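Report on the structure
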Amino acid sequence: MARQVVEYPENVGIIGDTGSGKTIVAILVAIALGEKTLVTAPTRFLAQDHLERYRRITGSSDHAVCITGETSADKRNWNNPDHIIVFCTAETFWADSRNGKISDIRNFGLFVLDECHTVTGKKESVKIAAAAHQFGKRIIALSASPGDNQEQIETIRRNCHLEKFFRLQVPMPTKFESLVSVALDKSLMEIDHLFGMLTLKIVERLTSLGVTLDLDALTIKKLKEVIATELEHQIRDSRYYEVVGAIAQAFYVRHAHFSALTESYATFIDHHRKLSSRKSRNVKSLLMLPEWRQAVKIALEESDRHPKVSQLVDRACEWARSNQRALVFVNNKDTGRHLERRLTESGLRVALIFGGKERKILMQQKTLGDLSAGKLDLAITTSTLEMGISVPAVDIVSHYSLPNTEKSRIQRSGRTGRFRPGEVLFFVLDHQFDKAIYWSVRKKEKEMKRIISGRQQTRPKPKTELPLFDGI
C-alpha cells in the first residue's frame, strides 16, 4: 500500500479498519518521499501516540518531534531542519502559524491528516488542508470511518482535497460483539414514570402557550428548533419568557431522565447538585416540583444499586478472575468516577483515563502501560481513547455508555481485536433511550461499511455518480 500511495501523484485518502496500519503506511510514505512532513491529529494524546509509533518503526525519534498545546513555547521547534516529521494537533499548528512562529508553511512537503472524518466545519484541520492544497503540497488523509453516507464522505473528500480513496485491507483478528440487556428494576421504573410525568407537565405548559410538541418525538434537537422559532419571531412579551423558561426546564428534565436511567443514580445526583447551586428562579421552581424531589429521594436511597452499574460490576469481576483486561467507555466523567469507586470497592484495580486538563499525556501513557502489564484489571475512559490510540493487550471493550455515532462505535470497538481476538460488549438498558441509540447507530455503521466496500449506494443518489472508492 505504501508503494501504491508513493507512486500515485495526487492527494489520497486511506480507509482501513482500526488497527490495520494506516498510520504506519503514512509514516513509510513520508520516509520514502524524504519530504518534511506534518502529521496532524485531533487530540494531543493521539499526536504523542504517533510519535511513539514512529519511534518503534525507525528505532529512533531523533528526526521527529511532537508539538501540542502541552508543549512549552520554547520547545516548539517547528523550524528545526533536523525534524523531518512533526506530529501535532491541528489547533496548535494553526495558532502558531498565525502567530508567526512557523517561518513558512511551504517548508512542509507532505501533510498527513489523521482521523480525517473530523476535518469538518470551521476546524483548523480544514484550514490546514486548504493551505496545503493552495501551495500544491501532497495530502494523505486517514480514517476508519469517513461517514455513513455518500454526502458525508464527499464532504470529507472536498475538505481534504482528495483525488481518490484507497482501501487498506489487512486480515484482522476476530472480534466478537454481543449485547448485554439490562432490565429496569422497580426503583428505576418509578424514576422513569416520575420524569415522564414531569415532561408531560412541561409539554402541557408549552401547549397552553401556543407551542406544540410531540411527546413521543421530544428530543434536544426538537427543543432547540422550538426555541429558535421563538427567537426568530422576536417575541419579547411575557409569553416569550415563559416559553424559554419551559424549554430550559425541558432540557434539564431530559438530561436528568437520561442520566438516571442510562448512566447511574450518582450521575443524576451530580446533575441535581449542579442545578441546586444556580440562582435561577426557573431552575429552583423545577427542583421544588414533587416529581423531581421524589426522583432525587429514590436515587439517594438506591445510590449504588443501579441495575446497569451492578451488571458491569458483576461482569468486571468475572473478567478479572479470568485474567482478561478491559477498557470501559463512558460518555460522562461523573459516571466514570462513580464506576471507578464501585469497581474499586469490589476489589478490582481500576484507573481513569480522561482528557482535558485532568490528566497529562505521560500519566495516560503510564496507565495504559500498567493495563498492558497486568497491574490494572481495567481502565475507564471517555472519547480520549476513541481515536487511533494503540491500546495494547485489551481483551474486552465495554460500551457502558453507548456511542452516539457510528464513527464512535467503530473507533471505540477498535481498541480491541487489534493483535489478538477481542470481545466487544454493549450494555443496553431495556428502555427506549438506550435501545434507540444502539439500533440506530448499528444501522448507520452497517450502511457506512456497505458504501466503503462499494457494494451498495445510498439514497438519494448524488446528482453525479462519484467513484468514491475507485482505488479499492
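Each remark here, short or long, concerns the structure printed above.
One structure accompanies this document, and this report is about it. Owing to the predicted nature of the structure, the values given are computational and were not obtained by experimental measurement. (Residues numbered from 1 in each chain as written. Predicted model: local features only at pLDDT ≥ 70, side-chain atom pairs only at ≥ 80, totals over all residues. Heavy atoms only, no water.)

If you check helix α10 (residues 265-276), its first and last C-alpha atoms are 16 Å apart, about what 12 residues at 1.5 Å a residue would give, namely 16 Å. Buried within α10 are the following residues: Tyr265, Thr267, Phe268, Ile269, His271, His272 and Leu275. (Helix = DSSP H or I, 4+ residues; strand = E, 2+ residues; numbered from the N terminus. Expected span 1.5 Å × (residues − 1). Buried < 20%, exposed > 50% of the residue type's maximum accessible area, 1.4 Å probe, protein only.)

One can describe the packing of helix α7 (residues 186-208) onto helix α12 (residues 290-302) by two numbers: an axis separation of 9 Å at closest approach and a directional angle of 160°. Overall, the two elements α7 and α12 adopt an arrangement that is roughly antiparallel. Helix-helix and strand crossings are classified by hand; for α7 and α12 the assignment is left-handed. Every residue of α12 that contacts α7 at Ser187, Glu190, Ile191, Leu194, Phe195, Met197, Leu198 and Lys201 is listed here: Glu291, Trp292, Gln294, Ala295, Ile298, Ala299 and Glu302. Taken together, the residues of the contact of α7 with α12 break down into 9 nonpolar, 2 polar and 4 charged. (Axes fitted to C-alpha atoms, helices over the stretch in contact; angles between N-to-C directions. Parallel < 35°, antiparallel > 145°, perpendicular 65-115°, else oblique. Left-handed = near helix turned anticlockwise from the far one by under 90°. Contact = heavy atoms within 4.5 Å. Nonpolar A, V, L, I, M, F, W, Y, C, P; charged D, E, K, R; others polar.)

Most of strand β2 (residues 37-41) sits inside the fold, with 5 of its 5 residues counted as buried. Side chains Thr37, Val39 and Ala41 of β2 all project onto a buried face; the interleaved residues Leu38 and Thr40 project onto the opposite face, where all are buried too. Taken together, the 5 bridges between β2 and strand β4 (residues 85-89) define a ladder with parallel strand orientation. Counterpart to Ala41 in the pairing with β4 is Thr89. (Pairing = 2+ DSSP bridges.)

Before going further, it helps to examine the environment of Leu385. Inspection of the secondary structure puts Leu385 in the loop between β11 (378-381) and β12 (396-399). Here Leu385 falls in the buried class, since its relative accessible area comes to 0%. Sequence separation between Leu385 and Gln364 is 21 residues, and the spatial gap between their C-alpha atoms is 9.7 Å. Excluding residues within four positions of it along the chain, Leu385 makes contact with Phe45, Leu327, Phe329, Ile353, Leu368 and Arg415.

Another aspect to go through is the nonpolar core. Among the nonpolar cores identified, the biggest contains 56 residues, and Phe195, Phe268, Trp292, Leu343 and Ile380 are the most heavily contacted of them. Looking at this core, the element that brings in the most residues is helix α9 (residues 238-263), giving 9 residues. In this structure Ile380 touches Val328, Val330, Gly336, Leu339, Glu340, Leu343, Val350, Ala351, Leu352, Ile353 and Phe354, once residues within four positions along its chain are discounted. In terms of nonpolar packing, the next biggest core, distinct from the first, is built from 30 residues, Leu38, Ile102, Phe108 and Phe111 among them. (Core = buried A, V, L, I, M, F, W, Y, C linked by side-chain atoms within 4.5 Å.)

Here we take up the packing of aromatic side chains. Given two aromatic rings, one states the distance between the centres and the angle between the planes to describe the pair. As enumerated under the stated definition, the model contains 12 aromatic pairs in all. When the ring of Tyr8 is compared with that of Phe166, the centres are 5.7 Å apart and the planes differ by 85°; the resulting orientation is edge-to-face. Residue Tyr8 is found in the loop between α1 (2-7) and β1 (12-16), and its partner Phe166 is found in strand β7 (residues 164-168); the two are separated by 158 residues along the sequence. When the ring centre of Trp94 is taken as origin, the NZ or CZ atom of Arg98, which lies over that ring, is 4.4 Å away. It is Lys308 that lies over the ring of Tyr400; its NZ or CZ is 5.1 Å from the centre. (Phe/Tyr/Trp six-rings, centres within 6.5 Å; stacked < 30°, edge-to-face > 60°. Lys NZ or Arg CZ within 6 Å of the ring centre and 35° of its normal.)

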